[in-house]
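The residues making up each chain are set out below.
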Amino acid sequence: MHASAFELLVGVSRALDLVKPQLAGHHLGVAWIADALSHTLSLPQTVRQQIFVAAMLHDVGTIPLKVSADDLLFERKTWLHARAGWALLSHCASLAPIASLVLFHHTPWSKLRDCDEALFPANIIHLADRMELLLRSENLPPSTLERRFAGGSGKLFRLSYVEALHAAFFSENRELHLPSAQEMESALRVRYAHMILDQDKLNSFCFLFSLLTDFLSPFTATHTAGVAHTACILHRRHQMRTTGRVDPEENHKVFIAGLLHDIGKLGVPCALLEKPGALDHDEFTQIKRHAELSLQLLDNIPGFEDIRLWGALHHERLNGKGYPLGLAGDQLSLPSRVMAVADIFTALTEDRPYRKGMPLAQAFDILQTMKDNDHVDGNILATLQEDADRINKVRIAAQRCARRRFDELYRMCSAPAESDIRGMLRNSPRKDGLFQA
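What you see as residue numbers is a count from 1 along each chain, following the sequence as written. Owing to the predicted nature of the model, reporting of local features is limited to residues with pLDDT of at least 70; listing and counting of side-chain atom pairs is limited to 80 or more, with chain, interface and lining totals taken over all residues. Derived side-chain values reflect all non-hydrogen atoms in the structure, with water molecules and hydrogen atoms excluded from consideration.

J.: Help me understand the overall build of the protein chain in this model?
T.: A count of helical and extended segments in the protein chain gives 22 helices and 4 strands. The buried share of the protein chain, reckoned over its 437 residues, is 55%. The contact criterion used is simple: two residues touch if any of their non-hydrogen atoms lie within 4.5 Å. For the protein chain, restricting intrachain contacts to residue pairs at least 6 apart in sequence, the fraction spanning at least 24 positions comes to 73%. With an accessible surface of roughly 18600 Å², the protein chain has 50% of that area assigned to carbon and sulfur atoms. Numbered from the N terminus, helices here are DSSP runs of H or I no shorter than four residues, and strands are runs of E no shorter than two. Burial classes: relative accessible area under 20% of the type maximum marks a residue as buried, over 50% as exposed, and values in between as partly exposed (1.4 Å probe, protein chains only). Only the protein chains shown count as cover for residues, with accessible areas throughout obtained via the Shrake-Rupley method and a probe of 1.4 Å.

J.: Would you take a moment to explain the environment of Ala181 for this structure?
T.: Following the sequence through the fold, Ala181 ends up in helix H11 (residues 181-192). Judged by its relative accessible area of 42%, Ala181 falls in the partly exposed class. With 153 residues separating them in the primary sequence, Ala181 and Leu28 have C-alpha atoms 7.2 Å apart.

J.: For this particular structure, what's the right way to read the packing of helix H17 (residues 305-312) against helix H18 (residues 334-349)?
T.: A pair of packed helices is captured by two measures, namely the crossing angle of their axes and the spacing between those axes. As a rule, the C-alpha atoms of each element are fitted with a line to give its axis, helices using only the stretch in contact, and angles between N-to-C directions run from 0 to 180 degrees. At a closest axis distance of 8 Å, the pairing of H17 and H18 adopts a crossing angle of 35°. Helix-helix and strand crossings are classified by hand; for H17 and H18 the assignment is right-handed. Within the contact between the two elements, H17 uses Leu309, Trp310 and Gly311 and H18 uses Pro335, Ser336 and Met339. Each residue is assigned to one of three groups, with Ala, Val, Leu, Ile, Met, Phe, Trp, Tyr, Cys and Pro labelled nonpolar, Asp, Glu, Lys and Arg labelled charged, and all others, Gly among them, labelled polar. Its residues placed into classes, the contact of H17 with H18 shows 4 nonpolar, 2 polar and no charged. For a crossing to be left-handed, the near helix must be turned anticlockwise from the far one by less than a right angle; the clockwise case is right-handed.

J.: Looking at this model, I keep getting lost on unusual backbone geometry. Mind explaining?
T.: Glycine aside, negative phi is the norm for most residues, and most peptide bonds take the trans geometry. Residue Tyr323 is joined to Pro324 through a cis peptide bond whose omega torsion reads 15°. Looking at the secondary structure, you find Pro324 in the loop between H17 and H18. Of note in this structure, Asp374 is not a glycine but carries a positive phi near 60°. Among the structural elements, Asp374 can be located in the loop between helix H19 (360-372) and helix H20 (378-386).

J.: What should I look at first to understand the layout of surface pockets in this one?
T.: If you roll a probe as big as a water molecule over the atoms, it shows you where there is empty space left. Buriedness for pockets is judged along seven lines, at least five of which must meet protein on both sides within 12 Å for an open set on the 1 Å grid over protein atoms alone, while cavities are sets there where a 1.4 Å probe fits but cannot get out, and lining residues have an atom within 4 Å of a point. Grid points are joined across faces, edges and corners, and a volume is the space filled by probe spheres set on the points. Volume-wise, the largest pocket comes out at about 740 Å³. For the lining of the largest pocket, the elements supplying multiple residues, two or more each, are helix H15 (270-273), helix H16 (281-297), H18 and H19. Counting residues per element, the lining of the largest pocket draws most heavily on H18, which supplies 4 residues. Partitioning the lining of the largest pocket into residue classes produces 15 nonpolar, 6 polar and 7 charged.

J.: I keep staring at the packing of aromatic side chains and nothing clicks. Help me out?
T.: For any two aromatic rings, the description comes down to two numbers: the centre-to-centre distance and the angle of the planes. The rule is short: rings of Phe, Tyr and Trp, with Trp giving its six-membered ring, pair when the centres are within 6.5 Å, and they are stacked under 30 degrees, edge-to-face over 60, tilted in between. In total, this model carries 9 aromatic pairs according to the counting rule given. When the ring of Phe52 is compared with that of Tyr192, the centres are 4.2 Å apart and the planes differ by 0°; the resulting orientation is stacked. You can see Phe52 sitting in helix H3 (residues 45-56) and its partner Tyr192 sitting in helix H11, a full 140 residues away along the chain. Residues Phe52 and Tyr192 agree in their burial class; the two are buried. Between Phe345 and Phe364, the ring centres sit 6.0 Å apart and the planes meet at 35°, which makes this aromatic pair tilted.

J.: Looking at this structure, I do not really get empty space enclosed by the protein. What am I missing?
T.: With the rule as written, the count across this model stands at 2 cavities of 30 Å³ or more. The computed volume of the largest cavity comes to approximately 60 Å³. Around the largest cavity sit Leu313, Glu316, Arg317, Leu318, Leu332, Ser336, Arg337, Ala340, Val341, His375, Val376 and Asp377, which together line it. A class-by-class count of the residues in the lining of the largest cavity yields 6 nonpolar, 2 polar and 4 charged.

J.: I tried to follow the packing of helix H2 (residues 26-40) against H3 on my own but got confused; where do I start?
T.: Taken N-terminus to C-terminus, the directions of H2 and H3 make an angle of 160°; their axes are 8 Å apart at the nearest point. Here H2 is positioned roughly antiparallel relative to H3, judged by the angle of their axes. Considering how the two elements wind past one another, H2 and H3 form a crossing that is right-handed. Contacts from His27, Leu28, Val30, Ala31, Ala34, Ser38 and His39 in H2 reach Arg48, Ile51, Phe52, Ala55 and Met56 in H3. Working definition: roughly parallel below 35 degrees, roughly antiparallel above 145 degrees, roughly perpendicular at 65 to 115 degrees, and oblique for all remaining angles.

J.: Can you walk me through the confidence of the model for the protein chain in this structure?
T.: Low-pLDDT stretches of the model should not have their predicted coordinates read in fine detail. The predicted model of the protein chain has a mean per-residue pLDDT of 86, with 89% of residues at 70 or higher. A residue's pLDDT is simply how confident the predictor is in it, with values from 0 to 100. Scored below 50 in pLDDT, residues 427-437 makes 34 contacts in the model with residues more than four places away or belonging to other chains.

J.: Looking at this structure, I do not really get the nonpolar core. What am I missing?
T.: Nonpolar side chains in soluble globular proteins generally cluster together in the buried interior. To form a nonpolar core, buried Ala, Val, Leu, Ile, Met, Phe, Trp, Tyr and Cys residues must be joined to one another through side-chain atoms within 4.5 Å. The biggest cluster of nonpolar side chains holds 125 residues, and the ones touching the most others in it are Phe52 and Phe304. Not counting chain neighbours up to four residues away, the residues in contact with Phe52 comprise Phe6, Leu9, Ala31, Leu188, Tyr192 and Met195.

Put into structure tokens, the structure is as follows:
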């Protein structure tokens, strides 16, 4: 299976827009400006590509990172989003080469110039970030903008990069504004639509999506891993039980759909995700939006048509009373039915901060009632019951691994600041990356 890296990056940027709606389109705008600078500077294609990807992901670390409902790390250390972005990307093998550019995208040139030359493009992203925010928030004449950036030459920004900004945007005395999101997407697509991910790199990229979802709250910190691995093994077992063979490509798509199934929760307030008690009608209506948002975020990605539906439809019910589309019976594909059972099984059996997971017998009592009410597929439930111990061991192992990863990333983000930068870089993978030549 292959997929478009460009379209997935657009999907990530839209997901980040949900977290900070006031900055909707910010990543796309920074990428567009940074790309104009890198072309004006005639940088090598591989470097331009890395700058583009890093710009599209530069604020990925703004996802709230908590160890409890009361402890929001970024409220304690406001500079942490660059470090958190570095930590997240470093854990995604194919994205690790651009992690350092994200780490240093707010570092002034006066500090960056003594580092490895490979880090210098981070200053292009810094410059593009400032430019985008100024164009977005202040209606300043070009001459005023130009003087602001000229005043930062040699201190905040590298002189040659400021000169490139002048050539790209200020050489003609014209009114400056950002193009529409559609125009910027179209321009960037022409240059980067050729970036295609093979199966291994696609897994790594989608792993980033799952981290973004999980890091919204400690209440959800291991849920995605549990659903993805449960759905994958349940689908495989069910195909063997019913047909005697497994479709490996479909099985891989099921795993990816599990990683992405809750991406729409980025648009749900954390307070609702962390509410331990029952939701009222208005709160439940807000929560339900996550399925529709998942459909929207994964729309128009070539090759993701099945993955988008299988993941986002995990709250549909066979009787047509689910959401977001109210589909019923044969309108729901087998993988969508598998995903629904995997999601419910994981939610019932996993530990949450406010309660322990249910024993298998109790979880199956609930699932049996849901089957009797025509909520879930009885044949898939039978497959789960036949191999419950083994499937549950897979879920437990996946969620323990996810918990260790969550704890490690939290430690990386809350550790000391500037003094350990060189050590961080030594430990950051830089080979065999998604966008490295």
